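For reference, the chains in residue letters:
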Amino acid sequence: MPKIAIDPITRIEGHLRIEAQVEGGKVRDAWAAGTMFRGIEKILIGRDPRDAWAFTQRI
Amino acid sequence: MRGVENALGITIPDNARLIRNLITGIQYVQDHVIHFYHLHALDWVDIVSALKADPKKTAALAQSISDWPLSSTDYFRGVQSKLKAFVEAGQLGIFANAYWGHPAYQLPPEANLMAVAHYLEALDWQRDVIKIHAILGSKNPHAQTYLVGGMATAIDPNSENALNAGSLAHMQKLARKAKEFVEKVYIPDLLAVASFYKEWAGYGEGVGNYLAYGEFPNDNISNTDNLFLPRGIIMGKDLSKVHPVQQEKIAEYVTHSWYEYDEGDGVAKHPWEGQTNYRYTGPKPPYKFLDTSKKYSWLKAPRYDGMPMEVGPLARMLVAYASGHKRVRELVHLVLGKLGVGPEALFSTLGRTAARGIETLVVAEQLPVWLGQLADNIKRGDLRIHDSSRWDPKDWPREAKGYGWHEAPRGALGHWVRIKDGKIVNYQCVVPSTWNGSPRDAKGQRGPYEAALLGTPVRDPEKPVEILRTIHSFDPCMACAVHVLDAQGREYVRIKVV
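Fair warning: this is a prediction, and the values are worked out from it, not measured in the lab.

Chemist: Report on the overall build of chain A, specifying residues and quantitative values.
Modeler: Per the secondary structure count, chain A includes two helices and two strands. The burial tally for chain A puts 63% of its 59 residues in the buried class. The long-range fraction of contacts in chain A, counting pairs at least 24 apart against all pairs at least 6 apart in sequence, stands at 35%. Just so you have it, chain A exposes about 2000 Å², and 54% of that area is on carbon and sulfur atoms.

Chemist: A description of the overall build of chain B should follow, citing residues and the corresponding values.
Modeler: Looking only at helices and strands, chain B features 13 helices and 16 strands. Its C-alpha atoms give chain B a radius of gyration of 24 Å, within 12% of the compact-globule value 23 Å for 498 residues. Along the first, second and third principal axes, the C-alpha set of chain B runs to 70 × 65 × 45 Å. Here chain B, with 498 residues, has 60% of them falling under the buried criterion. Within chain B, contacts between residues at least 6 apart in sequence are counted, and of these 73% link residues at least 24 apart. Taking the average place of the 57 positive charges on the side chains of chain B and the average place of its 54 negative ones, the gap between the two points comes to 1 Å.

Chemist: Pulling in residues and values, what's your account of the interface of chain B and chain A?
Modeler: Often the size quoted for an interface is simply the accessible area lost on bringing the parts together. Counting residues at the interface gives 78 residues for chain B and 50 residues for chain A. Summing the contributions of chain B and of chain A, the shared interface buries around 5600 Å²; its carbon and sulfur component is 61%. For the pair chain B and chain A, the interface holds two salt bridges. Here Arg446(B) ties to Asp29(A) by a salt bridge, and the two come within 2.9 Å at their closest N and O atoms. Where chain B meets chain A, there are 18 residue pairs in polar contact (both at pLDDT 80 or more).

Chemist: Which residues make up the side chain of Ser71(B), and what values go with them?
Modeler: All names here are of chain B. Mapped onto the elements, Ser 71 comes out in the loop between α3 (55-65) and α4 (73-88). Of note is the side chain of Ser 71, whose polar atom sits 3.3 Å from the backbone oxygen of Trp 68. Once residues within four sequence positions are removed from consideration, Ser 71 is found in contact with Ala 59, Ala 62, Gln 63 and Phe 76.

Chemist: Give me the lowdown on unusual backbone geometry, citing residues and values where you can.
Modeler: Residues and elements named next belong to chain B. Across the junction of Asn 140 and Pro 141, the peptide omega takes the value -5 degrees, indicating a cis bond. With respect to the helices and strands, the residue Pro 141 is situated in the loop between α6 (131-137) and β1 (146-147). The omega angle of the peptide bond from Pro 285 to Pro 286 is 0 degrees, so this bond is cis rather than trans. Its location among the elements puts Pro 286 in the loop between β10 (277-278) and β11 (301-304). At Asp 305, a residue that is not glycine, the phi angle is positive and equals roughly 50 degrees. Turning to its location among the elements, Asp 305 is positioned in the loop between β11 and α8 (313-322). Positive phi is not limited to glycine here, since Asp 475 has a value of about 65 degrees. Note that Asp 475 resides in the loop between α13 (465-473) and β15 (479-486). Under the relative-accessibility criterion, Asp 475 is labelled buried at 1%.

Chemist: Quick rundown of the packing of α8(B) against helix α9 (residues 326-339) of chain B? Include the residues and the values.
Modeler: All names here are of chain B. Where α8 contacts α9, the two axes come as close as 8 Å, and the packing angle between them is 110 degrees. Put simply, α8 runs roughly perpendicular to α9. The element α8 and its partner α9 pack so that their crossing is left-handed. Along its contact with α8, which presents Met 317, Ala 320 and Tyr 321, the element α9 presents Val 328, Arg 329, Val 332 and His 333. Broken down by class, the residue content of the contact of α8 with α9 amounts to five nonpolar, one polar and one charged.

Chemist: Explain the confidence of the model for chain A to me, using residue names and the numbers behind them.
Modeler: All names here are of chain A. Confidence in the prediction for chain A averages 73 pLDDT; 75% of positions are at 70 or higher. Mean pLDDT across the elements of chain A bottoms out in strand β1 (residues 15-23) (85) and peaks in strand β2 (residues 26-34) (90). A low-confidence stretch, residues 1-13 stays under pLDDT 50, and its non-local contacts, those more than four residues away or across chains, total 70 contacts.

Chemist: Can you explain the confidence of the model for chain B? Please cite residues and give values.
Modeler: All names here are of chain B. On average, chain B scores 92 in pLDDT, and the residues at 70 or more come to 94%. Low pLDDT, under 50, characterises residues 478-483; the predicted model gives this stretch 38 contacts beyond four residues in sequence or across chains. For this predicted complex, the interface score ipTM comes out at 0.90, alongside a pTM of 0.93.

Chemist: I'd like to hear about the environment of Val362(B), residue by residue, with values.
Modeler: Residue and element names in this part refer to chain B. By the secondary structure assignment, Val 362 is in helix α10 (residues 349-379). Overall, Val 362 belongs to the buried group, its relative accessible area being 2%. The contacts of Val 362, once residues within four sequence positions are left out, are Phe 228, Leu 229, His 325, Arg 327, Val 328 and Leu 331.

Chemist: Which residues make up the sheet that holds strand β14 (residues 423-430) of chain B, and what values go with them?
Modeler: Residues and elements named next belong to chain B. Read across the open sheet, the three strands follow the order β12-β13-β14; overall the sheet is antiparallel. Of all strands in the sheet, those with a lone pairing partner are β12 (399-408) and β14, marking the two edges. The mean angle between the axes of side-by-side strands here comes to 15 degrees, regardless of whether they run parallel or antiparallel. Relative to β14, strand β13 (residues 411-420) is paired through seven bridges, and the arrangement is antiparallel. Opposite Trp 416, over in β14, you have Gln 428 as the bridge partner.

Rules used in this analysis
Residues numbered from 1 in each chain as written. Chains lettered and ligands numbered in written order. Predicted model: local features only at pLDDT ≥ 70, side-chain atom pairs only at ≥ 80, totals over all residues. Heavy atoms only, no water. Helix = DSSP H or I, 4+ residues; strand = E, 2+ residues; numbered from the N terminus. Buried < 20%, exposed > 50% of the residue type's maximum accessible area, 1.4 Å probe, protein only. Contact = heavy atoms within 4.5 Å. Areas by Shrake-Rupley, 256 points an atom, 1.4 Å probe, with all protein chains shown as cover. Rg over C-alpha atoms; globule rule 2.2 N^0.38 Å. Lys, Arg positive; Asp, Glu negative; His and termini not counted. Charge placed at Lys NZ, Arg CZ, Asp CG, Glu CD. Buried area = accessible area lost by both parts, 1.4 Å probe. Salt bridge = Lys/Arg side-chain N within 4 Å of Asp/Glu carboxyl O. Polar contact = N/O pair within 3.5 Å; in protein donor to acceptor, adjacent residues only side chain to side chain. Axes fitted to C-alpha atoms, helices over the stretch in contact; angles between N-to-C directions. Parallel < 35°, antiparallel > 145°, perpendicular 65-115°, else oblique. Left-handed = near helix turned anticlockwise from the far one by under 90°. Nonpolar A, V, L, I, M, F, W, Y, C, P; charged D, E, K, R; others polar. pLDDT = per-residue confidence, 0-100. Pairing = 2+ DSSP bridges.

So this is what it looks like as structure tokens:
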């Protein structure tokens, strides 16, 4: 999501992965992983700053 | 937008401020209601159980909590028949893929039926009220009328094709409709559902640190401190103190993220110096598990002064509460009082979900105010919508840098930009779900999702609806693959969260 996808404004679908360790009916440890690369920062390099909003709005 | 305006020293006209507040405001209201009914409620509401409800008792329940007109026995009987037809045809459609019948569902059938009815009503309602966004932004989502220096929304009282008295009156009507549904349906439902799940005030706490950039400027100065929802930081759940937000204290680690920094994995970089050098070192898909001792996420790990921070409606409401925001305090006290729980209940899965509802009402009440201010400006002959004095790059400094903050519905969103010779040379976005969904940092500190899951009960590891409750309470709004391991690391099951 984030690096990727989750952007509240534009609601792009992304991918979040949770790994959780369960013991005694409870979560003992957990890991959250974004599983898609976003890359909007790369896309913006060299562009006109007046256009940035139209790109970043999508995330 | 604000980042570039900040870098170039632009102040937007008052009408542009109001239109941005309105676009963001109606987005909060629509988004939060959709989140509650369509993304989160099914973690608490058992759709299939609604078939067993007595429509008469459902009507009595609905009438006891609200004077919303759609609450007759016949109305609920009709909703139930529609649902029955779905289930009998084996076509649950939008209600497929859930853990119906799971023992963690605790609502009586009548409450389930009421929630199903409102789920369906909310679908129609949201389509209507978001027209405010479409009128001001040309469409929804992805408003098209933003412009560095203001907005491109035309204002002309004498044109059919621009903002005029007619479109303002139309938006006032939609704003009333938005507020009425929140007051009479969303908030009563939230309280009714929450009253059956009070133990969830004891789960899902998270990191206990909260960051809000604040939103809805009360004046048109860029990066203003005069905000309707205030800016601030709460550390360690201490509501007696609101700390200022200092942008230089924000930095991102990539210790457990698939990126490389020139200085290595031990350092955190401020976004102006940020690097996006991706290097995937995880397993080749399909794989069973990630090696979480190494890099395991495409999210960087943002930290404030070295600490993980939760962002979103709970963070905003806590900062507003602790800053003395009158309406927020009233509503927080009302909700806590109705549920019979203390302020400590806020730091939880239930608190996060309740804070979203409180915020929705606070913002829905404000929409008519901003619309009124916009109408007043236009009546006075103030039609300015854009400051073009710094539009031409020849008027820019050779080098500039700026940052812009916004509170998206899901939380604090920051953009940092460096401009040289009229072009972007670096741009870094630190978005809400990077804060909340962050992996561990160089010190091994967990991110908010990771911390919030600790201690969450899991009755049936094959159907971990409890994990979904906590993760969804953050509003990640995405497909998410949840893996449950037993203590020996064996995989129970792989679940696609929808």
